[in-house]
Amino acid sequence: MAATDITALWLTLKLAFITSCILLVIGTPLAWWLSGWQSRFKPLVLAIVALPLVLPPTVLGFYLLIAFSPQSEFGALWQNITGKQLAFSFYGILLGSILYSLPFMLQPLYAAFSQLPKTYLDVAHTLGMGKVARFCKIVVPLTKASFISAFGLCFAHTLGEFGVVLMIGGNIPGETQVLSIALFDHVESMQYQQAHVLAAGLLVLSFVLLVVLYRQHGKKAQLWG
Amino acid sequence: MGLTMSETAHSWAFKSKLPDSDGNARIDAEAELPVSGIIGLYGESGAGKTTLLRILAGLESNANLTDIPFKRAGMVFQQAGLFPHLSVKQNLQLAASYAPHEVMDIGELSQKLGFSHLIERDCNGLSGGEQQRIAIARAIINAPDLLLLDEAVSALDQTSRINILNVLVELSQTLSLPMIMVSHQLAELSQYCDYLMHMQAGKIVAHGHIQQMVQQLNISRSSGAFSHLQCQFKLQHSQYGMDEYDVEGQALFTASQNKPLNIINVAASRVSISTSQPAQGSMLNCLTATLSAIENVDQYKRRLVLQIGQQQLLADISVYSLEILQLQIGMPLWAQFKLHNPSQFID
């Protein structure tokens, strides 16, 4: 495995891990709020957060590239604060990954929170438990498997990210060149041996992750099924 | 919208309104209730009983619950709602950790409610009845000052239900814990409650002491009529499997019950009338009475209202029998009947 490939592997794992962690922090309260929110605008909000599931990655990447460029207000603000441009940087692809992987965190958590029998929360309320205690002591343990699923799905999805990263990050080794782009690079250069190593590595890693997730799914079904 | 309370030494009153999605009153209920004992809440499905309990428990955010004398209303739901990630003991310990003071030892309470052998078990795999016992214990150990029971014993079999209801009566007294108990079974409520609220279409249409309410509710029953005789337990004839009661100074026999009854329900269709004292027979219950009224039931049936001391006994007879016996108001009569289900409304 070439040094650039090892760098790409490290960058990919770092991107996937940080993306999943940030989405866990953002997605949990968002999913909890959505599960209890009753409004005629709810389908609209659910559709917006689920858009990355159906949108071609290049579409999202294109709009993010425009938003991240120094010509846009957001991009200019970022550059003023950090001194670096957001497009074609690690932070750019991180922000893109967060938006692109949001539904993969949100959907399992939203489904788990929505399906949680309301009686548990009513009981906890009548026992005198406050909102935070109800969430931490009842909701989180009962939906633990969904948290693991959501984190794993985000991680796995970010591992395989290509279109969005290529659009907003380009192909800069050590900065934005993730495994999928390094693989594309090897194929473009007809370095099939290196391409095989990366492709097989991604395949095995993704497969193992999915096996672990499905095992967790089975445990969740047992918990209150 | 809102709930206002007036409190005296022996009673408290509530007034509550909860709108539905169209702004109409889903619940518009008020009543004055005793501050101790067990209060029954009776009504048909959809009358709003559960919603009223939820308002009192503070679970309905659209209804304002203000200034009730009970700051901690515990509730046992139709579904036990034991937390499945915790063991039985952990469920109880969690509830105890939120109690302002210790009510009772977990071991003692589990013994009383008959699940001490399950204390170390996971909640998964327990029967509905076992779960409900644990849910009751969990609510009690949380030290509420009002306990709301929403069909809490409906998942239990008859014997377990009677056992648990007896324990609830005992705990209500020993812990000075008032309870509001929802049930469809008027007979059950009549045995265990001191007071009764009758709910229809979101309103408390009547409330009062249990004897008064049971009489009142019977009048509105569309099916067969029942008399509700207040009685005092005298003795148990265990060799015959029978209990003897006193009703207005006269003896009345029933098959042995799990607990002494306060009220005996007698189906009007089961009462036989004689104008002279019957000779010795197998029907042990024979009460002397005075005919105080004759009411029409339908074209071929009449209902006799018999006065027995301060109480009334109803007897349904045919028009043919009425004519043969030549019954007249004020006549002394002998009423005979067998009691198969004295605590139930089973004809």
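A quick note: this is a predicted structure, and the numbers were derived from the prediction, not measured.

Colleague: Whenever I open this one, the overall build of chain A confuses me. Can you help?
Modeller: When helices and strands are tallied, chain A shows eleven helices and zero strands. Sequence-ordered secondary structure for chain A, helices as α and strands as β, is α-α-α-α-α-α-α-α-α-α-α. By principal-axis analysis of the C-alpha atoms, chain A measures approximately 65 × 40 × 30 Å. A sequence separation of at least 24 residues applies to 73% of the contacts in chain A between residues at least 6 apart. As presented, chain A carries roughly 11,700 Å² of accessible surface, and 70% of it is formed by carbon and sulfur atoms. For chain A, the distance from the average site of its 12 positive side-chain charges to the average site of its 7 negative ones is 24 Å.

Colleague: Is there a simple way to think about empty space enclosed by the protein in this case?
Modeller: Any space left empty among the atoms is revealed by the rolling of a water-sized probe across them. Under the definition given, this model contains two cavities of 30 Å³ or more. Volume-wise, the largest cavity comes out at about 80 Å³. What lines the largest cavity is simply A:Val123, A:Thr126, A:Leu127, B:Gly74, B:Met75, B:Val76, B:Phe77, B:Ala80, B:Ala135, B:Arg138, B:Ala139 and B:Asn142. Of all elements in the fold, only helix H6 (118-126) of chain A together with strand E5 (73-76) and helix H4 (128-141) of chain B reach the threshold of two or more residues within the lining of the largest cavity. Elements that contribute at least two residues to the lining of the second largest cavity include exactly helix H7 (210-219) and strand E10 (226-230) of chain B. If you tally residues by element for the lining of the second largest cavity, the top one is H7(B), at three residues. The residue inventory of the lining of the second largest cavity, partitioned by class, reads two nonpolar, four polar and no charged.

Colleague: Explain the pairing of strand E3 (residues 25-34) of chain B here, please?
Modeller: The side chains of a regular strand alternate between both faces of the sheet. All names here are of chain B. Direction of pairing for strand E2 (residues 11-19) relative to E3: antiparallel, over a ladder of nine bridges. Bridging from a neighbouring strand, Pro19 pairs with Ala25 of E3. Linkage of E2 to E3, two consecutive antiparallel strands, is achieved through a turn of five residues, within which Gly23 is found at a positive phi near 90 degrees.

Colleague: Would you mind showing me how to read the environment of B:Leu306 here?
Modeller: Residues and elements named next belong to chain B. With respect to the helices and strands, the residue Leu306 is situated in strand E17 (residues 301-308). In sequence terms Leu306 and Ser292 are 14 residues apart; their C-alpha atoms lie 5.6 Å from each other. Look past the residues within four positions of Leu306 in its chain and what remains in contact with it is Ile273, Ala289, Thr290, Leu291, Ser292, Gln311, Gln312, Leu313, Ala315, Leu333 and Ala335.

Colleague: Help me out: how do you make sense of the packing of aromatic side chains in this one?
Modeller: Residue and element names in this part refer to chain A. Scanning all chains against the criterion turns up 15 aromatic pairs over all chains. Here the aromatic rings of Phe17 and Phe151 are separated by 6.2 Å at their centres, their planes lie at 75 degrees, and the arrangement is edge-to-face. Here Phe151 lies in helix H8 (residues 144-159) and Phe17 lies in helix H1 (residues 3-36), a separation of 134 residues in the sequence. The partly exposed category is assigned to Phe17, whose relative accessible area is 46%. Overall, Phe151 belongs to the partly exposed group, its relative accessible area being 22%.

Colleague: Would you take a moment to explain the sheet that holds strand E6 (residues 146-150) of chain B for this structure?
Modeller: Across a sheet, strands are paired by hydrogen bonds formed along the backbone, either parallel or antiparallel in direction. Residue and element names in this part refer to chain B. Here six strands make up an open sheet; going across it, the order is E5-E6-E7-E4-E8-E9 and the pairing mixed. Both outer strands of the open sheet, E5 and strand E9 (203-209), are each paired with one neighbouring strand and no more. Shown here is a sheet whose adjacent strand axes are inclined to one another by a mean of 20 degrees, direction ignored. Pairing of strand E8 (residues 195-200) with E9 involves six bridges; the strand directions are antiparallel. When the sheet's bridge partners are listed, Met199 is paired in E9 with Ile204. Against the sheet, H4 makes contact with E5 and E6, and its axis sits at roughly 175 degrees relative to E5, the strand it touches most.

Colleague: Whenever I open this one, the pattern of salt bridges confuses me. Can you help?
Modeller: Counted by the stated rule, this structure contains eight salt bridges over all chains. In this structure, A:Asp122 and A:Lys118 form a salt bridge, with 3.3 Å as the shortest nitrogen-oxygen distance. Linking A:Asp122 with A:Lys118, this pair stays in helix H6, spanning four residues, or about one helical turn. Salt-bridge contacts for B:Lys234 lead to B:Glu244; the nearest nitrogen and oxygen are separated by 3.6 Å. Residue B:Lys234 is found in strand E11 (residues 232-237), and its partner B:Glu244 is found in strand E12 (residues 242-247); the two are separated by ten residues along the sequence. Classification of B:Glu244 by relative accessible area gives buried; the value is 10%. What emerges from the salt-bridge pattern is a single network uniting A:Lys118, A:Asp122, B:Arg54 and B:Glu60.

Colleague: Which parts of the structure should I look at to understand unusual backbone geometry?
Modeller: Glycine aside, the phi torsion of most residues is negative, and most peptide linkages are trans. All names here are of chain B. Positioned with a positive phi, Ser176 is a non-glycine residue whose angle comes to about 50 degrees. Secondary-structure assignment places Ser176 in the loop between helix H5 (158-174) and strand E7 (179-183). Phi at Glu248 is positive, roughly 50 degrees, even though this residue is not glycine. Residue placement: Glu248 occurs in the loop between E12 and strand E13 (250-255). Here Glu248 falls in the partly exposed class, since its relative accessible area comes to 34%.

Cut-off values and rules
- Residues numbered from 1 in each chain as written.
- Chains lettered and ligands numbered in written order.
- Predicted model: local features only at pLDDT ≥ 70, side-chain atom pairs only at ≥ 80, totals over all residues.
- Heavy atoms only, no water.
- Helix = DSSP H or I, 4+ residues; strand = E, 2+ residues; numbered from the N terminus.
- Contact = heavy atoms within 4.5 Å.
- Areas by Shrake-Rupley, 256 points an atom, 1.4 Å probe, with all protein chains shown as cover.
- Lys, Arg positive; Asp, Glu negative; His and termini not counted.
- Charge placed at Lys NZ, Arg CZ, Asp CG, Glu CD.
- 1 Å grid on protein atoms, 1.4 Å probe; cavity = no way out; pocket = protein on both sides within 12 Å on 5 of 7 lines; lining within 4 Å.
- Points joined across faces, edges and corners; volume = space filled by probe spheres on them.
- Nonpolar A, V, L, I, M, F, W, Y, C, P; charged D, E, K, R; others polar.
- Pairing = 2+ DSSP bridges.
- Phe/Tyr/Trp six-rings, centres within 6.5 Å; stacked < 30°, edge-to-face > 60°.
- Buried < 20%, exposed > 50% of the residue type's maximum accessible area, 1.4 Å probe, protein only.
- Axes fitted to C-alpha atoms, helices over the stretch in contact; angles between N-to-C directions.
- Salt bridge = Lys/Arg side-chain N within 4 Å of Asp/Glu carboxyl O.

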